[in-house]
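Fold and geometry: a report
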Amino acid sequence: MSRFEADYYDRFYGGDGVHDRAKIDHLATAVHEMCAWWEVEPTSVLDVGAGPGLWRDWYRENHPSVKVTSTDISEYACEEFGHEHRDISRWRPRGRYDLVICHGVLQYPSRPDVEAAIDNIAAACRHVLYLEVPTTSDFDSVVDIGATDMAVHRRSGDWYRRRLNQHFTQAGAGLWVRNGGGVVLYELERTR
Ligand SMILES: C[S@@+](CC[C@H](N)C(=O)[O-])C[C@H]1O[C@@H](n2cnc3c(N)ncnc32)[C@H](O)[C@@H]1O
């Protein structure tokens, strides 16, 4: 049986969880507007590991003309919340998406799987990636242990950066721009 069943979503999204609709409202607005600032008007969005589908719902409500593809490895989440059933470690979409969202997902796959997932995300991303993944240091000193799934893989920020830097430039605040994707950052808009 998968770990991503009803009790998982009740526990982490049932009120005292990691984040909720109101928080995603702020974040999605900021990410969408940063894309606009970079002259990327997302017309296609891929949400990897969409869970309860908060990003997809935000887009439906605020930008209904944007085509959002939401995916998840969990059969339960796909049926309950309406996503395509995909394991990002094993699925590389044929097309590309202006904006890819991967929020709280990459701590779950094992090492070879997460490496494949990063490559698949890069292949799917035309311009911008929003990525949040807790690192070893976050687990040690930042996350709220009552609201966070601690039974996951812990990898350092450098570990992720080494792999992400092969495809993206880190802008900060979870935003990464695809190398060769047409977004050019000023020196102090990026982290390296
Ligand atoms: C913490 S939840 C995040 C949900 C959503 N992104 C959010 O931030 O509200 C993690 C989700 O990642 C999904 N997931 C884990 N491994 C995955 C994989 N290899 N491919 C796709 N989804 C995966 C789980 O099924 C679960 O729904």
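Structure report, in brief. Note that the structure is predicted; figures quoted are calculated from it, not measured. Along every chain, residues carry numbers that run from 1 in the direction the sequence is written. Given that this is a predicted model, residues contribute local features only at a pLDDT of at least 70 and side-chain atom pairs are listed and counted only at 80 or more, while totals for whole chains, interfaces and linings are drawn from all residues. With hydrogens and water set aside, each side-chain value is computed from the structure's full complement of heavy atoms.

Here we come to the site of the ligand. Taken together, 20 residues sit near the ligand, with Tyr 9, Gly 49, Asp 72, Asp 87 and His 103 positioned nearest. Between Gly 49 and the ligand, the recorded distance is 2.7 Å, taken from a backbone N or O atom to a nitrogen atom. Polar contact criterion, stated in full: a pair of N or O atoms within 3.5 Å, where within protein one must be able to donate a hydrogen and the other to accept it, and residues adjacent in sequence count only if both atoms are side-chain atoms. Here a nitrogen atom of the ligand sits 2.8 Å away from a polar atom, N or O, in the main chain of His 103. Burial of the ligand by the protein chains amounts to 96% of its free accessible area of 600 Å². The greatest single-element share of the shell around the ligand, amounting to three residues, is contributed by helix H1 (residues 6-13). Taken together, the residues that form the shell around the ligand break down as 10 nonpolar, seven polar and three charged. To be near a molecule or strand, a residue needs just one of its heavy atoms within 4 Å of it. Shrake-Rupley sampling with a 1.4 Å probe provides the accessible areas, and residues are treated as covered by the protein chains on show and by no other component. In this text, helices come from DSSP runs of H or I with a minimum length of four residues, and strands from runs of E with a minimum of two, each type numbered from the N-terminal end. Just so you know the grouping, Ala, Val, Leu, Ile, Met, Phe, Trp, Tyr, Cys and Pro go in nonpolar, Asp, Glu, Lys and Arg go in charged, and all remaining residues, Gly too, go in polar.

Throughout this description, buried means an accessible area under 20% of the type-specific maximum (1.4 Å probe, protein chains only), exposed means over 50%, and partly exposed covers the range between. Most of strand S4 (residues 97-103) is tucked away: seven of the seven residues are buried. Each pair of strands is called paired provided DSSP finds at least two bridges between the two strands. Relative to strand S5 (residues 125-132), S4 is paired through six bridges, and the arrangement is parallel. By the bridge assignment, Tyr 97 is partnered in S5 with Cys 125. A right-handed crossover is one whose linking path, passing over the helix from the first strand to the second, runs clockwise when the strands point away from the viewer. Read as a crossover between parallel neighbours, the route from S4 over helix H5 (residues 111-124) to S5 is right-handed.

Salt bridge, as used here: a side-chain nitrogen of Lys or Arg that lies within 4 Å of a carboxyl oxygen of Asp or Glu. This structure, assessed with the given rule, holds 10 salt bridges. Asp 57 is the salt-bridge partner of Arg 56, the closest N and O atoms lying 2.7 Å from each other. Residue Arg 56 is classed as buried on the basis of its relative accessible area of 6%. Residue Glu 115 is joined to Arg 111 by a salt bridge in which the shortest nitrogen-to-oxygen separation is 3.6 Å. Here Glu 115 and its partner Arg 111 are both found in helix H5, four residues apart, which amounts to about one turn of the helix.

Everything listed is a geometric property; what it means functionally is a separate question.
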